[in-house]
2 protein chains.
Amino acid sequence: MYRRGLPAAFAAGVAAATLRPLFAQAQTRGAGEGPRVGLVVHPDMILLDLAGPLTVFSLMMASIHLVWKTREEVKTDVGIPVQPTHSFESCPVDLDLLFVPGGLKGTTALMQDHATLDFLADRGARARYVTSVCTGALALGAAGLLRGHRATSHWYVRDLLPLFDATPVAERVVVDRNRITAGGVTAGLDFGLELCARMRGEDYARRVQLLLEYAPHPPFSAGSPESAGTTLTAEVLERRAPALAEARAAAQAAAARLGTSR
Amino acid sequence: MYRRGLPAAFAAGVAAATLRPLFAQAQTRGAGEGPRVGLVVHPDMILLDLAGPLTVFSLMMASIHLVWKTREEVKTDVGIPVQPTHSFESCPVDLDLLFVPGGLKGTTALMQDHATLDFLADRGARARYVTSVCTGALALGAAGLLRGHRATSHWYVRDLLPLFDATPVAERVVVDRNRITAGGVTAGLDFGLELCARMRGEDYARRVQLLLEYAPHPPFSAGSPESAGTTLTAEVLERRAPALAEARAAAQAAAARLGTSR
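Notes on the structure follow.

Parameters at a glance
- Residues numbered from 1 in each chain as written.
- Chains lettered and ligands numbered in written order.
- Predicted model: local features only at pLDDT ≥ 70, side-chain atom pairs only at ≥ 80, totals over all residues.
- Heavy atoms only, no water.
- Helix = DSSP H or I, 4+ residues; strand = E, 2+ residues; numbered from the N terminus.
- Contact = heavy atoms within 4.5 Å.
- Areas by Shrake-Rupley, 256 points an atom, 1.4 Å probe, with all protein chains shown as cover.
- Salt bridge = Lys/Arg side-chain N within 4 Å of Asp/Glu carboxyl O.
- Buried < 20%, exposed > 50% of the residue type's maximum accessible area, 1.4 Å probe, protein only.
- Pairing = 2+ DSSP bridges.
- Core = buried A, V, L, I, M, F, W, Y, C linked by side-chain atoms within 4.5 Å.
- Buried area = accessible area lost by both parts, 1.4 Å probe.
- Least-squares fit on C-alpha atoms with pLDDT ≥ 70 in both.
- Patch = residues over 30% accessible without salt bridge, like charges linked within 9 Å, V, L, I, M, F, W, Y side chains within 5 Å.
- Lys, Arg positive; Asp, Glu negative; His and termini not counted.
- Charge placed at Lys NZ, Arg CZ, Asp CG, Glu CD.
- Axes fitted to C-alpha atoms, helices over the stretch in contact; angles between N-to-C directions.

Observations concerning the overall build of chain A
Okay, step 1: Of the regular secondary structure elements, chain A holds 9 helices and 9 strands.
Okay, step 2: Across chain A, the fraction of contacts at a sequence separation of at least 24, relative to all contacts at a separation of at least 6, is 69%.
Okay, step 3: Accessible surface computed for chain A: about 8,900 Å², of which carbon and sulfur atoms make up 49%.

In structure tokens, the structure reads:
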């Protein structure tokens with residue numbers, strides 16, 4: 001029904017240049033003339049942490065760089081591997097956006113990995129935006145990039161952020177100067193649209209939202225500890241306790257190196 | 001803060017067997033003892049259409065089958081290829097769930113591909129649930145699987161569903177007997193939780209929602225034609241007009257073969 005009865009005027013010249021790339025499939029990776037985006041892909045990352053923002057960046061016709069130490073493929077939580085397009089060495093020095101997706105096990109390893117932390121500190125010092133979704137914020141923090149900033153992360157590790165001299169904020173997407181961090185996993189969609197609006201304008205972001213039909217309607221209300229309640233929250237924390245303890249230990253060690261521990 | 005002050009009682013025996021798999025990374029693909037899930041991966045599919053539901057299915061400890069004609073990897077919209085784990089031939093005959101993700105170009109091709117339609121018709125006739133996200137519904141429809149059912153799809157192709165004798169419904173997730181179809185791209189998250197609740201129980205689905213921190217908060221309200229307004233909607237339709245015309249032609253041809261065209 002949306003195909004009928006619309007004014008023909010829109011057809012002429014409505015943001016033609018910016019709209020053309022929308023859903024122009026198979027032209028995305030590397031083909032962008034848009035912002036230069038570096039996404040750190042790491043072993044055990046959560047594919048959905050990457051896929052949400054990456055979909056938005058692709059629709060922004062960004063120049064996508066999937067970066068890791070080597071170009072060997074990394075495994076993800078769902079068994080679909082991702083092949084880096086660039087190594088740390090071949091990644092452009094000046095990025096418009098540096099992004100780290102999460103995955104508790106994966107980011108716990110990153111916090112202990114000097115090569116990765118050096119890479120993040122270097123590119124993060126130059127990038128226009130320094131960003132993360134989910135536990136990716138722990139890697140930014142361990143690289144010293146969240147010092148003196150408000151930030152967020154997956155709810156179950158948000159209390160580790162003060163170790164890195166960051167102020168934890170219980171919001172979906174937290175913007176503090178050029179640091180933009182988001183909550184767990186699915187927050188990557190809200191994050192992606194926020195970035196799209198800042199880099200391409202709000203109208204562009206709205207078109208992307210419409211294309212992705214992002215009018216969320218969860219069947220339940222249990223997406224935060226507050227809405228899920230103490231019993232469900234405790235169950236999840238109990239099951240994740242060993243991994244959370246490892247993350248805390250890694251964060252404390254990184255903070256000690258940075259000199260931000262309390 | 002959620003780590004402190006919680007009753008210790010939850011630790012003992014709270015759904016231990018069902019919670020263990022949650023976020024048990026690197027054990028997902030093929031390792032599941034849970035529902036047997038067949039996900040059709042096809043060239044030009046939208047990775048996010050797959051990644052949302054797949055993340056939920058993995059957390060359900062489902063036995064995951066990524067199925068295509070051959071085991072050669074298929075490309076996706078964002079440039080990350082996906083390798084099928086099974087061919088049509090090696091896919092189990094009896095699936096608990098058959099799922100088709102979308103991607104306008106990809107599903108237009110599926111509607112014209114007899115091998116795929118035969119596979120869908122065969123597995124769909126036996127599967128406990130027959131499902132899709134986004135334009136994946138067009139492939140189900142072309143395989144004759146939506147006859148006499150209420151269904152939905154990406155908003156911009158929803159009006160093609162009557163060609164397959166399906167009744168289009170403008171809802172996020174539409175359940176009609178064992179057919180469960182969802183709207184465009186991001187509807188896959190709502191869909192995944194709906195399926196999870198049906199197959200593993202509502203408490204399990206709530207835990208998954210909490211783990212994925214699915215408390216969506218889009219920065220704008222433009223995820224449907226109604227909320228985006230006629231101008232933005234018209235712009236998107238204009239840019240997609242050639243691909244939408246191809247989809248319509250393919251749907252009409254498939255409907256003629258099925259004998260459902262009007």
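Digging into the pattern of salt bridges
All names here are of chain A.
Okay, step 1: Under the defined criterion, the tally for this structure stands at 24 salt bridges over all chains.
Okay, step 2: In this structure, the salt-bridge partner of R126 is D122, at a minimum N-O distance of 3.5 Å. Note that R126 and D122 are positioned in helix α4 (residues 114-126) at a spacing of 4 residues, about one turn of the helix.
Okay, step 3: Residue classification places R126 among the partly exposed positions, given a relative accessible area of 43%.
Okay, step 4: Two residues, E194 and R198, come together in a salt bridge whose shortest N-O distance is 2.8 Å. Placement of both E194 and R198 in helix α6 (residues 187-200) is noted, with a separation of 4 residues, approximately one turn of the helix.
Okay, step 5: Sharing partners across several salt bridges, the network here consists of D44, K75 and K105.

Observations concerning the pairing of strand β8 (residues 173-176) of chain B
Residues and elements named next belong to chain B.
Okay, step 1: Where β8 meets strand β9 (residues 179-182), 4 bridges bridge the pair, whose relative direction is antiparallel. Residue V174 lies in a different strand from β9, and its bridge partner there is T181.
Okay, step 2: A loop of 2 residues connects β8 with β9, the two strands running antiparallel in sequence, and R177 in this loop sits at a positive phi of about 50 degrees.

Points about the nonpolar core
One broad trend across soluble globular proteins is that nonpolar side chains are buried collectively.
Okay, step 1: Counting residues in hydrophobic clusters, the biggest one holds 180 residues, and the most contacted among them are L50 and F57 of chain A together with L50 and F57 of chain B.
Okay, step 2: If near-sequence neighbours (up to four positions away) are discounted, L50 of chain B is found in contact with I80 of chain A together with L39, V41, M45, L66, V82, F99 and P101 of chain B.

Let's talk about the interface of chain A and chain B
Okay, step 1: Taken together, the contact pairs 90 residues of chain A with 89 residues of chain B.
Okay, step 2: Taking both partners together, chain A and chain B bury about 8,200 Å²; carbon and sulfur atoms supply 63% of that area.
Okay, step 3: Of all residues in chain A, L210, E213 and F220 of chain A give up the largest surface area on contact with chain B, accounting jointly for 10% of the area buried on that side.
Okay, step 4: Our enumeration of links across chain A and chain B arrives at 4 salt bridges.

A word on the relation of the copies chain A and chain B
Okay, step 1: Least-squares fitting of chain A to chain B yields an RMSD of 0.0 Å, with the transformation described by 0.0 Å of translation along the axis and a rotation of 180 degrees. Viewed as a symmetry operation, the transformation between the two copies matches a two-fold axis.
Okay, step 2: Same-surface contact between copies: 99% of interface residues of chain A are shared with the interface of chain B.

Thoughts on unusual backbone geometry
Okay, step 1: The phi angle at D165 of chain A is positive, at roughly 60 degrees, despite the residue not being glycine.
Okay, step 2: Inspection of the secondary structure puts D165 of chain A in the loop between β6 (150-151) and β7 (167-168).
Okay, step 3: Classification of D165 of chain A by relative accessible area gives partly exposed; the value is 33%.
Okay, step 4: Unusually for a residue other than glycine, R177 of chain B sits at a positive phi of about 50 degrees.
Okay, step 5: Residue classification places R177 of chain B among the exposed positions, given a relative accessible area of 55%.

Considerations on the environment of P225 of chain A
Residue and element names in this part refer to chain A.
Okay, step 1: As for its placement among the helices and strands, P225 is situated in helix α8 (residues 225-228).
Okay, step 2: Given the relative accessible area of 5%, P225 is considered buried.
Okay, step 3: C-alpha of P225 to C-alpha of V236: the two residues are 11 residues apart in sequence and 9.9 Å apart in space.

A word on a negative patch on the surface
Okay, step 1: Among the surface-exposed residues, E72 and E73 of chain A together with E72 and E73 of chain B lie close enough to one another that they form a single negatively charged patch.
Okay, step 2: Inspection of the secondary structure puts E72 of chain A in the loop between β2 (63-68) and β3 (86-87).

Digging into the sheet that holds strand β5 (residues 129-132) of chain B
Residue and element names in this part refer to chain B.
Okay, step 1: Across the sheet, which stays open at both edges, the 7 strands sit in the order β3-β2-β1-β4-β5-β9-β8 with mixed pairing between neighbours. Where the open sheet ends on each side, the last strands, each with one partner, are β3 (86-87) and β8.
Okay, step 2: Pairing analysis gives 5 bridges linking strand β1 (residues 36-40) to strand β2 (residues 63-68), with the strands arranged parallel. Looking at the pairing, G38 lines up with H65 of β2.
Okay, step 3: Each of β1, β2, β4 (97-100) and β5 touches helix α4 (residues 114-126); the most contacted strand, β4, lies at about 150 degrees to it.

Some words on the side chain of H42 of chain A
Residues and elements named next belong to chain A.
Okay, step 1: Along the chain, the position of H42 falls in the loop between β1 (36-40) and α2 (47-59).
Okay, step 2: Taking the relative accessible area as the measure of exposure, H42 reaches 0% and is therefore buried.
Okay, step 3: Setting aside residues up to four positions removed in sequence, H42 forms contacts with W68, V74, K75, V100, P101, G102, G106, T107 and L110.

So, the sheet that holds strand β5 (residues 129-132) of chain A
Residue and element names in this part refer to chain A.
Okay, step 1: Strand order in the open sheet formed by 7 strands is β3-β2-β1-β4-β5-β9-β8, and the pairing between neighbours is mixed. A strand with exactly one partner marks an edge of an open sheet, and here the two such strands are β3 and β8 (173-176).
Okay, step 2: Summarising the sheet, β1 and strand β4 (residues 97-100) pair through 3 bridges and their orientation is parallel. Considered in β4, the bridge of G38 is made with L98.

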